[in-house]
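Letter by letter, the chains look like this.
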Amino acid sequence: MDISRRELLGTSALAAVAWPGLGAAGEQSVRGAGRLSVSRRRLLLRHTWTIARNSSDFKDNVFVRVERDGVVGWGEAAPNVRYGQSAEQTMTAIEKARPVIEAGDWRHYVDLRAEWERAMPNESCACAAVDIAILDWVGRRLQAPLYRLFGLDARKAPVTTFTIGIDTPERIKQKVAEAKDFPVLKIKVGTENDEGIVAAVREATDKPLRVDANEGWRDKEQALRKIQWLQGRGVELIEQPLPAAMIEETAWLRERLEIPILADEAVTRAADIPKLAGAYDGINIKLMKAGGIQEALRMIHLARALGLKIMLGCMIESSVAISAAAQISPLVDYADLDGNLLISNDPFVGVGVQEGKLILNDRAGLGVSERDKG
Ligand code: MG
């Protein structure tokens, strides 16, 4: 680089905005050492959480904190038994990736992602925690919310559903009352008593419903009967009616139904999507399945190119991972980002909700802060 060009870049406003404090055009290597710390926190559920597969009163999630040059980034992993994950295994995986993360240049997070994914292969939620933390750091370093760096309009953030887990009719009615501010509800089914669950919801509200069977119906004939019964009851879509591997059976089902069918357990990353087009009308993308925000963005663009509808969903997560997903929510058709609302001890504050609509704030990165630190 010649002197005049260096001077030009060094004094340009863009250089100062691009990587504050990193010098001319941000082309110097990063100065400070990167530090990563991992901790585990128990998130307590407001109500016992029951879906077709299992039931729980708490979830142990893993939090990642990265720091460099006085700037901190937060990430979160929500390990899920469906994908063979646990908090211990997730923490061990992140430890394996620590050397490449701490030594890496976080500004080049696209290249660096390939390195941490190689260091912890098939550990999607561990990768998600790292991806979220590094992108939070990047946003804070650039002093901009991630949605702004991605060129998205925060006003286009969708309404999120509020999810009613499987329960007794009395408690379902109580949960519907608690969800009074949400205009659309998501109902978990996939049990022997689906009709009773939906009847209990319908006694309490006439709001539109999205129904998630979590692979709970065992064959296509049973799924067809269940969905035909649901279609007349204000249900606007069905999520994962059959086990993930039953793609042909789901295509059979789709030929016989008007209502959109979305894949959840059948899709984790972008590579899974092409084989689902034709069998499903859309996909439910979750950062924890995808391995983070970067892969979720690839999935959104691929799904759009294939004409699929897109839902952005979540696990039981704090405001860290929910706010991370919310950053890209202006790109999707449906949101189910209520994991932080289902817990009673969220350690963070971030994205807000008003009458169901996700409210993105102006704070840098994910827009989150620790609850007791303001
Ligand atoms: Mg689901």
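These figures come from a predicted structure and were not determined experimentally.

1. Quick notes on the sheet that holds strand β6 (residues 209-212)
Read across the sheet, eight strands follow the order β4-β5-β6-β7-β8-β9-β10-β11 without closing on themselves; strand pairing throughout is parallel. Here the strands that pair on one side only, and so sit at the sheet edges, are β4 (162-164) and β11 (334-335). Direction of pairing for strand β5 (residues 185-188) relative to β6: parallel, over a ladder of four bridges. Each residue of the ladder has a partner; that of I187, found in β6, is V211.

2. Some words on the nonpolar core
Ranked by size, the top nonpolar core spans 114 residues in total, and within it I94, W116, M120, I132, I187, I283 and I293 carry the most contacts. For this core, the element with the highest residue contribution is helix α5 (residues 124-141), accounting for 12 residues. When we break this core down by domain, the ones giving at least three residues each are domain 1 (35-143) and domain 2 (148-370). Every residue in contact with I187, bar those within four places of it in the chain, is listed here: I164, I197, V201, L209, R210, V211 and D212.

3. Focus on the packing of helix α9 (residues 220-231) against helix α10 (residues 247-255)
Where α9 contacts α10, the two axes come as close as 10 Å, and the packing angle between them is 35°. The handedness of the crossing between α9 and α10 is right-handed. Only E249, W252 and L253 of α10 make contact with α9, whose side of the interface consists of K220, E221, A223, L224 and I227. When its residues are assigned to classes, the contact of α9 with α10 shows five nonpolar, no polar and three charged.

4. Remarks on the packing of aromatic side chains
Scanning the model with the defined rule gives four aromatic pairs in all. Both rings, one in F63 and one in F348, keep their centres 5.7 Å apart while their planes meet at 15°; by these two values the pair is stacked. Separated by 285 residues along the polypeptide, F63 in strand β2 (residues 55-68) and F348 in strand β12 (residues 348-349) bring together distant segments of the chain. A relative accessible area of 0% means that F63 is categorised as buried. Note on F348: relative accessible area 0%, which makes it buried.

5. Notes on the state of the cysteines
Applying the stated rule across the entire model yields zero disulfides. A disulfide-free cysteine, C125 has its sulfur positioned 8.8 Å from the sulfur of C127, the nearest such atom. On the basis of relative accessibility, which here comes to 1%, the residue C125 falls in the buried class. Between C314, a cysteine without a disulfide, and C125, which holds the nearest cysteine sulfur, the sulfur-to-sulfur distance is 14 Å. Judged by its relative accessible area of 9%, C314 is buried.

6. Comments concerning empty space enclosed by the protein
The final tally for this structure, using the stated rule, is two cavities of 30 Å³ or more. Estimates place the volume of the largest cavity at around 320 Å³. Along the wall of the largest cavity there are 25 residues; nearest its centre are W49, N80, C314, M315 and I316. Contributing elements (two or more residues each) for the lining of the largest cavity: β2 and β5. In terms of residue class, the lining of the largest cavity is made up of 10 nonpolar, five polar and 10 charged. Taken domain by domain, the lining of the largest cavity gets at least three of its residues from each of domain 1 (35-143) and domain 2 (148-370). One number sums up the size of the second largest cavity: a volume of about 30 Å³. Surrounding the second largest cavity, V189, D194, E195, W217, K226, W229 and L230 form its lining. At the level of elements, α8 (194-204) and α9 are the ones that each hand at least two residues to the lining of the second largest cavity. Looking at the lining of the second largest cavity element by element, the count peaks at three residues for α9.

7. Details of the coordination of the magnesium ion
Within the protein, the atoms that donate to the magnesium ion are D212 (OD), E239 (OE) and D264 (OD), at distances of 2.1 to 2.2 Å. In the primary structure, the donors to the magnesium ion are separated according to the pattern D-x26-E-x24-D. With E239 in strand β7 (residues 235-239) and D264 in the loop between β8 (261-263) and β9 (282-286), the pair connects residues that are 25 residues apart, well separated along the chain. The pair E239 / D264 is uniform in exposure class, with both members buried.

8. Observations concerning the pairing of strand β10 (residues 309-313)
Among the five residues in β10, four count as buried, and that is most of the element. Pairing analysis gives two bridges linking β10 to β11, with the strands arranged parallel. Directly across from M311, in β11, lies its bridge partner Y334. As a crossover connection, the stretch from β10 through helix α13 (residues 319-327) into β11 is right-handed.

9. Focus: the packing of α8 against α9
For the pair α8 and α9, the least separation of the axes is 11 Å and the interaxial angle reads 15°. Overall, the two elements α8 and α9 adopt an arrangement that is roughly parallel. Handedness of the crossing formed by α8 with α9: right-handed. Contacts between α8 and α9 pair D194, E195 and V198 from the former with K226, W229 and L230 from the latter.

10. Some words on the domain arrangement of the chain
Taken domain by domain, the chain consists of domain 1 (35-143) and domain 2 (148-370). On a C-alpha basis, the centres of domain 1 and domain 2 stand 22 Å from each other. The partner domain 2 presents 48 residues to the 41 residues of domain 1 that form the contact. When domain 1 packs against domain 2, the two sides together hide about 3700 Å² of surface, and 59% of this comes from carbon and sulfur. Taken together, domain 1 and domain 2 are joined by five salt bridges. We note a salt bridge from E215 to R82, for which the minimum N-O separation is 2.8 Å. The set of elements that each furnish at least two residues to the side of domain 1 that touches domain 2 consists of β1 (35-50), β2, β3 (71-77), α4 (109-119) and α5. Across the side of domain 1 that touches domain 2, the residue classes break down as 20 nonpolar, nine polar and 12 charged.

About the cut-offs
- Residues numbered from 1 in each chain as written.
- Predicted model: local features only at pLDDT ≥ 70, side-chain atom pairs only at ≥ 80, totals over all residues.
- Heavy atoms only, no water.
- Pairing = 2+ DSSP bridges.
- Helix = DSSP H or I, 4+ residues; strand = E, 2+ residues; numbered from the N terminus.
- Core = buried A, V, L, I, M, F, W, Y, C linked by side-chain atoms within 4.5 Å.
- Buried < 20%, exposed > 50% of the residue type's maximum accessible area, 1.4 Å probe, protein only.
- Domains from an automatic or database assignment.
- Contact = heavy atoms within 4.5 Å.
- Axes fitted to C-alpha atoms, helices over the stretch in contact; angles between N-to-C directions.
- Left-handed = near helix turned anticlockwise from the far one by under 90°.
- Nonpolar A, V, L, I, M, F, W, Y, C, P; charged D, E, K, R; others polar.
- Phe/Tyr/Trp six-rings, centres within 6.5 Å; stacked < 30°, edge-to-face > 60°.
- Disulfide = S-S within 2.5 Å.
- 1 Å grid on protein atoms, 1.4 Å probe; cavity = no way out; pocket = protein on both sides within 12 Å on 5 of 7 lines; lining within 4 Å.
- Points joined across faces, edges and corners; volume = space filled by probe spheres on them.
- Donors = N, O, S within 2.8 Å, 3.2 Å for Na, K, Ca; no water.
- Right-handed = clockwise from strand over helix to strand, strands pointing away.
- Parallel < 35°, antiparallel > 145°, perpendicular 65-115°, else oblique.
- Buried area = accessible area lost by both parts, 1.4 Å probe.
- Salt bridge = Lys/Arg side-chain N within 4 Å of Asp/Glu carboxyl O.

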